[in-house]
Amino acid sequence: MKIFVVTPTFNEKKNIKELIEKINLANDKIDILVVDDNSPDGTHEIVNNLKNKYKNLHLLKRLEKGGLGSAYIAGMKYALNHNADLIIQMDADMSHDPASINDLIEKSKNFDLVIGSRYISGINVVNWPFHRLIISYGANLYSRIVTGLPIKDATGGYKCWKRKVLENINIDSIESQGYSFQIEMSYRAWIKKYKICEIPIIFIDRTVGQSKMNKEIMIEAFFMIPKLRLLKLLGKFK
Ligand SMILES: Nc1nc2c(ncn2[C@@H]2O[C@H](COP(=O)(O)OP(=O)(O)OP(=O)(O)O)[C@@H](O)[C@H]2O)c(=O)[nH]1
Ligand SMILES: [Mg+2]
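What comes next concerns the included structure. (Residues numbered from 1 in each chain as written. Chains lettered and ligands numbered in written order. Predicted model: local features only at pLDDT ≥ 70, side-chain atom pairs only at ≥ 80, totals over all residues. Heavy atoms only, no water.)

Some thoughts on the pattern of salt bridges
Piece 1. Per the stated rule, a full pass over the model turns up 16 salt bridges.
Piece 2. Two residues, glutamate 21 and lysine 17, come together in a salt bridge whose shortest N-O distance is 3.1 Å. Of this pair, glutamate 21 and lysine 17 both sit in helix α1 (residues 16-26), separated by four residues, roughly a single helical turn.
Piece 3. The partner of lysine 162 in a salt bridge is aspartate 112, and the shortest N-O contact between them spans 3.8 Å. Pair noted here: lysine 162 is in strand β7 (residues 159-162) and aspartate 112 is in the loop between α4 (101-107) and β5 (113-117), with a separation of 50 residues, a long-range link.
Piece 4. Residues joined by salt bridges that share partners form a network here, namely Glu12, Asp93, Arg206 and Lys212. (Salt bridge = Lys/Arg side-chain N within 4 Å of Asp/Glu carboxyl O. Helix = DSSP H or I, 4+ residues; strand = E, 2+ residues; numbered from the N terminus.)

Comments concerning the site of ligand 1
Piece 1. As a structural note, the neighbourhood of ligand 1 is formed by 19 residues, with Glu12, Asp93, Arg132, Ser211 and Lys212 the closest of them.
Piece 2. Side-chain polar atom of lysine 65 to an oxygen atom of ligand 1: 2.8 Å apart, as the coordinates give it.
Piece 3. Protein coverage of the free-state accessible area of ligand 1, which is 630 Å², stands at 93%.
Piece 4. Put simply, the parts of the chain that give the shell around ligand 1 at least two residues each are β1 (3-9) and α3 (68-81).
Piece 5. Considered class by class, the residues forming the shell around ligand 1 number eight nonpolar, three polar and eight charged. (Near = heavy atom within 4 Å. Polar contact = N/O pair within 3.5 Å; in protein donor to acceptor, adjacent residues only side chain to side chain. Areas by Shrake-Rupley, 256 points an atom, 1.4 Å probe, with all protein chains shown as cover. Nonpolar A, V, L, I, M, F, W, Y, C, P; charged D, E, K, R; others polar.)

Considerations on helix α8 (residues 215-233)
Along an α-helix, residues three or four apart share an orientation, since each turn contains 3.6 residues.
Piece 1. The end-to-end C-alpha distance of α8 is 28 Å, a good match for the 27 Å that 19 residues give at a rise of 1.5 Å each.
Piece 2. The axis of α8 is deflected most strongly, by about 25°, at methionine 224, and proline proline 226 appears within four residues downstream.
Piece 3. Those residues of α8 not exposed but buried are Ile217, Ala221, Met224, Ile225 and Leu228.
Piece 4. Where α8 is buried, its residues contact α5 (130-147) and α7 (179-191).
Piece 5. Where α8 starts, the residue carrying a side-chain oxygen 3.2 Å from the main-chain nitrogen of glutamate 216 turns out to be asparagine 214. (Expected span 1.5 Å × (residues − 1). Bend = angle between axes of the 7 residues up to and from the residue. Buried < 20%, exposed > 50% of the residue type's maximum accessible area, 1.4 Å probe, protein only. Contact = heavy atoms within 4.5 Å.)

Below, the structure written as structure tokens:
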């Protein structure tokens, strides 16, 4: 079984080494792909140096910042081209605990998409300012009501995909970049009736580096969520 962890980076020089070390501590049988958008802080140079130590480490360096969604798509295609059976996506800012990787893999035996969820057993968020929690929780509620997608944490980015799902949801046609990228991907899998489950994770707010969350990402999600519902009604995801 070949497993890839795909993690997008933009200016994560303070987090990337720890992330790679901790993934390897959790599981050294898996491949790690960092998709870096030519970070001005030199994140890709750190990854390149670490490749000597970690033979399971890959770097996909793109020319410029292209958004989280497109970085993930590029990374997922790379993993598929390298014969991955399972593809795990996670943020590089240490918000997603690498120790949960093995829980995602274990659960994938019975499910096609496993989502690490902040909201499945209470609210498992550490150090988030109250307004961030309200935005995230509200976005999830809005998404659930408008799309009907029965997922408590549809905006979360810690997930494990079976290869066949990514092959069948036409990832090339995904437009979303931010919050709504996570929703759109899971929505397409749900429409295709793949088996989805959520497992609890603890989300810890980044302690170093800068958040890339902004107003545009929220506006995109606000309009993309009803658009997804509409596209489904029009039969565009068949
Ligand atoms: N390659 C690439 N990575 C990106 C881009 N935008 C964000 N990322 C990475 O995607 C992950 C999530 O971004 P964050 O800035 O943590 O965004 P967030 O988790 O929604 O927001 P916070 O909770 O405030 O951290 C991080 O690993 C970022 O470095 C991008 O345009 N290109
Ligand atoms: Mg983050």
